[in-house]
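Observations on the model geometry
Spelled out from the first residue to the last, the chains are:
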Amino acid sequence: MISTKNISVDKIWKLLEEIADPEIPVLSVVDLGIIREINEKENLIEIMISPTYSGCPAMDVIKMNIRMQFQAHGLKDVRVIEKLFPPWTTDWMTEEGKRKLREYGIAPPNPRQQVCDSKLFAESEAVQCPRCDSYRTRRVSEFGSTPCKALYVCVSCQEPFDHFKCH
Amino acid sequence: MNQSLVDYTLYLADNALILGHRNSEWCGHGPVLEQDIAITNISLDLIGQARYLYQYAAELKKDGSTEDSLAYLREDHEFKNCLLLEQPNGDWAHTILRQFVFSAYQQLLYQQLQRSKDEQLAAIASKSLKEVAYHLRWSSEWVIRLGDGTEESHKRMMNAVDDLWMYTGELFQAASYELGAASKGFGADLTSLKSAWEQKVKEVFEEATLPVPTNVSMKYGGKEGKHSGHLGVILAEMQHLQRTYPGAEW
């Protein structure tokens, strides 16, 4: 077994980049922006992750996958700790992650938080269709197949699509 | 151990769990697919919030409790949720009204708790607030859509108001542990919260063409563990598996 002392922080990030989000496998946990802190202690690696939505079942799977990934590389003393504050935001998603989402057919979150405005019947934010790039899209429902997504439809190409909502 | 902090945390957790469970009963029965998905997503958020709170309560109790034992192995008189949240789903109007009333309350409550002297409660509150903002906007829009909709939808909203309003007073009637929590600076002050809640209700009801009821005789008891028979039915279903097969996991 490799001692945790002999692994660089860079290598830890590389190992984490190989772990996919179980619900949106095109994104790694690093792309998602949930890895907040890595602490190397005496024979122990602590990884602080910030949960996305409170009830998201993917979080338990992600924690397990992180431990399994490190075990597979001979690193057994890894602790994954949930850090609630400051709360996760889509601002932490990487640009690379946004690009991968778009290619995968999911519209990425807009750069600025727009949705949590409490204004009722607000115009749905301008979300670009990931297929034809049109901005003539309309929100069907702000709740989708996973807590982080909303349902949209493109008026131009008529395709329905998921939008990773701002949070 | 700080008993009022434990009780206060359990109170917040029970509210989230019981409403989360009620909403989950809509799974597969929503009026249309998108709204079925919406109400069950809200359910998931609430159950997730309940988990953080139960985990924290278990940590404070230090008696071997776990998030699961607190949710699945307590008796109905130990639950502290408000009576409003255990009411049956009724029709869509009843479910919507209950959600709106509670989300408006929860948003104001968590806004105060963000500044709680207890760091963990403050962290859970700020995390949950983002989700509550969606719940409140969604339920407000539905109250307006139904209230200011057709004759039938308006009538149903009126019925929901008639059936549920008597449970709204309890949200603002402080239990002993809430007074303890407020005086020590980790709980919310319900008096200031109440006027802000009434203002929010008034705004949405006006747009929904619904009158805000006055002089309603309120029902209390849930916060002190005195529940209606409805909670027993919820617990019988929710706890059945853990009680029949203790420690079952999958």
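What you see is a predicted model; the values in this text were computed from it and never measured.

**Considerations on the overall build of chain A**
Secondary structure assignment for chain A yields three helices and seven strands. Secondary structure of chain A in N-to-C order comes out as α-β-β-α-β-α-β-β-β-β. Once local pairs closer than 6 in sequence are excluded, the contacts in chain A between residues at least 24 apart make up 55%.

**Regarding the sheet that holds strand β2 (residues 44-49) of chain A**
Residues and elements named next belong to chain A. On the basis of which strands lie adjacent, the open sheet formed by three strands has the order β1-β2-β3 and mixed pairing. Of all strands in the sheet, those with a lone pairing partner are β1 (35-41) and β3 (78-82), marking the two edges. Direction aside, the axes of adjacent strands within the sheet are offset by 20° on average. Of the pairings in the sheet, the one linking β1 to β2 comprises six bridges and is antiparallel in character.

**Side note on unusual backbone geometry**
The peptide bond linking A:Phe85 to A:Pro86 adopts the cis configuration, its omega dihedral lying at -5°. You can see A:Pro86 is positioned in the loop between β3 and α3 (95-104). One non-glycine residue with positive phi stands out, namely A:Asn43, at about 55°. Notably, B:Asn215 is not glycine yet its phi reads approximately 55°, a positive angle. Mapped onto the elements of the fold, B:Asn215 is located in the loop between α9 (190-207) and α10 (229-244).

**So, the environment of B:Ile124**
All names here are of chain B. One can find Ile 124 in helix α6 (residues 119-147). We classify Ile 124 as buried; it has 29 C-beta atoms within 10 Å. C-alpha of Ile 124 to C-alpha of Ala 50: the two residues are 74 residues apart in sequence and 9.7 Å apart in space.

**Focus: α3(A)**
All names here are of chain A. Of all the residues in α3, the buried ones are Gly 97, Lys 98 and Leu 101. Buried residues of α3, viewed axially, fall in a sector of 100°; they line one side. Summarising the geometry of α3, the exposed residues directed more than 90 degrees from the buried face are Glu 95, Arg 99 and Glu 103. Packing partners of the buried residues in α3 comprise β4 (106-107) and β7 (160-164).

**Things to note about the sheet that holds β4(A)**
Residue and element names in this part refer to chain A. Ordered in space as β4-β7-β6-β5, the four strands form an open sheet in which the pairing is mixed. The open sheet has two edge strands, β4 and β5 (137-141), and neither has a second partner. Both strand β6 (residues 149-154) and β7 contribute to a ladder of five bridges, which runs antiparallel. The residue of β7 that forms the bridge with Tyr 152 is Phe 161.

**Comments concerning the nonpolar core**
In this structure, B:Ala13, B:Leu53, B:Leu97, B:Val143 and B:Met157 are the most contacted members of the largest nonpolar core, which totals 104 residues. If you count residues domain by domain, this core takes at least three from each of domain 1 (4-88) and domain 2 (93-164) of chain A. The residues touching B:Met157, leaving out its near neighbours within four places in the chain, are B:Ala93, B:Leu97, B:Val143, B:Leu146, B:Gly147, B:Ala208 and B:Leu210.

**Notes on the domain arrangement of chain A**
The assigned domain composition of chain A is domain 1 (4-88) and domain 2 (93-164). Of the residues assigned to the side of domain 1 of chain A that touches domain 2 of chain A, the class counts are seven nonpolar, three polar and two charged.

**Here's the deal with the interface of chain A and chain B**
If you look at the interface, chain A gives 19 residues, while chain B gives 25 residues. Each residue belonging to the side of chain A that touches chain B can be placed in one class, and the counts come to 12 nonpolar, six polar and one charged.

**Here we look at the environment of A:Pro87**
Structurally, A:Pro87 can be placed in the loop between β3 and α3. On the basis of neighbour count, A:Pro87 is assigned to the buried category, with 20 C-beta atoms found within 10 Å. With 35 residues separating them in the primary sequence, A:Pro87 and A:Thr52 have C-alpha atoms 8.0 Å apart. Apart from the residues within four sequence positions on either side, A:Pro87 is in contact with B:Ser126, B:Lys127 and B:Lys130.

What counts and what doesn't
- Residues numbered from 1 in each chain as written.
- Chains lettered and ligands numbered in written order.
- Predicted model: local features only at pLDDT ≥ 70, side-chain atom pairs only at ≥ 80, totals over all residues.
- Helix = DSSP H or I, 4+ residues; strand = E, 2+ residues; numbered from the N terminus.
- Contact = placed C-beta atoms within 7 Å.
- Pairing = 2+ DSSP bridges.
- Axes fitted to C-alpha atoms, helices over the stretch in contact; angles between N-to-C directions.
- Buried ≥ 20, exposed ≤ 12 C-beta atoms within 10 Å, placed from the backbone.
- Arc of directions from axis to C-beta.
- Core = buried A, V, L, I, M, F, W, Y, C linked by C-beta atoms within 7 Å.
- Domains from an automatic or database assignment.
- Nonpolar A, V, L, I, M, F, W, Y, C, P; charged D, E, K, R; others polar.

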